Amino acid sequence: MSVARRTTLNLTGLLTLSRKLLAKQIVDAESRDSFDSLTEVAFHWRRELLPHGCPCALVVACAWRHAAYAHSLENGLTQDAFLTTFHNMGKQEHILAEALQTCPWEEARQWPVEQAMHMYQTIMGLLNMRVKEVVEWAEGWGKEEITDEQHSAALADASAVFGSLGLEWWPSRGTLIALLRHGKRSGLLSNGRVDVVDHDVDVMVGLASHRDWPNFHSSVQQMLVQRGWHNCVEWYSTSATQRSSGSLAHGLSRTDLLMCTRKNPKVSLDIATYITEGSVAYAQKYCVAGHGISGCWYPHEGTLYQGLGKLRTSAIRPLGRCKAGSISVPCPRKPMEILKAVLPVDSNASCLALPDIEKRRQRQTRGREGQLFRELTQED
């Protein structure tokens, strides 16, 4: 019995469309959609196609699906979807290698195997380049110092993008501390020492609804890239442990962080989003119904952990202005209340931040904060 009769796979249609899309490179939406469906069916019946059923058809199907996965990575995915996509791509690579080894030369001439493998190798080259860039960025982060002017320029880019989109936004965490303390990223202490407060740009941006996230991500990334930035990656402020598979947070938390990077100079823009609801602003809101549980609450985790999951909108509005080097940017009405709410989990809310005369080089050493405090003078 032929493969086509043993399965629901339309091999003739798969062959015809593969030649049209890969060999002749004629791409239209209807053909692409049909080919997408056929390649899904081919991958489903992969054990019928291997090793002697029709392995060349599987080569074409896997290469095309690989391209679709790579395209989805470029368009921005949530943390879970990103990891799932990489897992699926790895799984497909093994199937593709097995199919390629068993694809007879005579059959390969009928199917556009050569074009399919060229597409696959091109995509893998681009993905490997992207992975290398991310690794180089991670390894080099914090090793290269940026100037106050470069920090201010990054903040100016953020201001231009958010302003053009009509979004409510303001600096947060280290960036807000720096602007309150010095009106820029760093400032002088006694004896000519320099207090370098911030090494990236931290901001918070208000969204009307969680449904605005896809358009927000797309618009911000596009506009930053136009201004010379590299890329933005979605993430969650909830912890990895709390978001483990099967946990309540796993199904209820929303993507609320956008981490954007620039290569030259190396700067990161960390964007945390919040949603305003009446007198409250929150990063995460969990709602459940049924199974004996119903209602909504603000979880004690994420960006606003120290604020028990929420902020008073009266601490944000009406916005004022903060000096930021040569420019000014929006600032929250009650910055101390904001800073206490957005501190990391293991921070001490009674001491928001000590002057950093070591530029973070020694900050990971236990007890280093106490030593820094002893080195400060009364003038400081």
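- As recorded in an unreviewed UniProt entry, the chain goes by LNX2 protein and comes from Symbiodinium pilosum.

## Observations concerning the nonpolar core
Here is step 1: Membership of the largest hydrophobic core comes to 50 residues, with the highest contact counts inside it found for Phe162, Val203, Leu269 and Ile271.
Here is step 2: Not counting residues up to four positions away in its chain, the partners in contact with Leu269 are Ala158, Val201, Val203, Leu224, Trp229, Leu258, Met259 and Cys260.
Here is step 3: Leu15, Leu50, Ala70 and Ala99 belong to the second largest nonpolar core, which has 42 residues in total.

## Some words on the pairing of strand 6 (residues 257-262)
Here is step 1: Most of strand 6 is tucked away: five of the six residues are buried.
Here is step 2: Relative to strand 7 (residues 267-277), strand 6 runs antiparallel, the two being bridged by six bridges. Note that in strand 7 the partner of Arg262 across the bridge is Val267.
Here is step 3: Where strand 6 folds back on strand 7, the antiparallel hairpin that results is connected by four residues.

## Observations concerning unusual backbone geometry
Here is step 1: For the peptide bond that leads from Asn264 to Pro265, omega is 0°, which places it in the cis range.
Here is step 2: For Pro265, the position within the fold is in the loop between strand 6 and strand 7.
Here is step 3: Despite not being glycine, Asn191 shows a phi value in the positive range, around 60°.
Here is step 4: With respect to the helices, strands and loops of the structure, Asn191 is situated in the loop between strand 2 (186-188) and strand 3 (194-196).
Here is step 5: For Leu308, which is not glycine, the phi torsion reads 60° and is therefore positive.
Here is step 6: The topology assignment puts Leu308 in the loop between strand 10 (295-297) and strand 11 (310-312).

## So, the state of the cysteines
Here is step 1: One pass over the full model with this rule turns up four disulfides.
Here is step 2: The disulfide partner of Cys56 is Cys103, and the gap between their sulfur atoms is 1.8 Å. On the S-S bond that ties Cys56 to Cys103, the torsion sits near 95°, and the link is right-handed. Note that Cys56 is positioned in helix 5 (residues 55-74) and Cys103 in the loop between helix 6 (79-102) and helix 7 (105-110), a separation of 47 residues in sequence.
Here is step 3: Judged by relative accessible area, Cys56 falls into the buried class, the value being 0%.
Here is step 4: Paired by a disulfide, Cys322 and Cys331 hold their sulfur atoms 2.0 Å apart.

## A word on the side chain of Asp256
Here is step 1: If you trace the backbone, Asp256 turns up in the loop between helix 12 (248-252) and strand 6.
Here is step 2: Arg254 provides the closest opposite charge to the buried, unpaired Asp256, separated from it by 5.0 Å.
Here is step 3: In this structure, Asp256 is in contact with Trp213, Trp235, Tyr236, Ser237, Ile271, Ala272, Thr273, Ala283, Gln284 and Thr303, ignoring residues within four places of it in sequence.

Rules used in this analysis
Residues numbered from 1 in each chain as written. Predicted model: local features only at pLDDT ≥ 70, side-chain atom pairs only at ≥ 80, totals over all residues. Heavy atoms only, no water. Core = buried A, V, L, I, M, F, W, Y, C linked by side-chain atoms within 4.5 Å. Buried < 20%, exposed > 50% of the residue type's maximum accessible area, 1.4 Å probe, protein only. Contact = heavy atoms within 4.5 Å. Helix = DSSP H or I, 4+ residues; strand = E, 2+ residues; numbered from the N terminus. Pairing = 2+ DSSP bridges. Disulfide = S-S within 2.5 Å. Lys, Arg positive; Asp, Glu negative; His and termini not counted. Salt bridge = Lys/Arg side-chain N within 4 Å of Asp/Glu carboxyl O.

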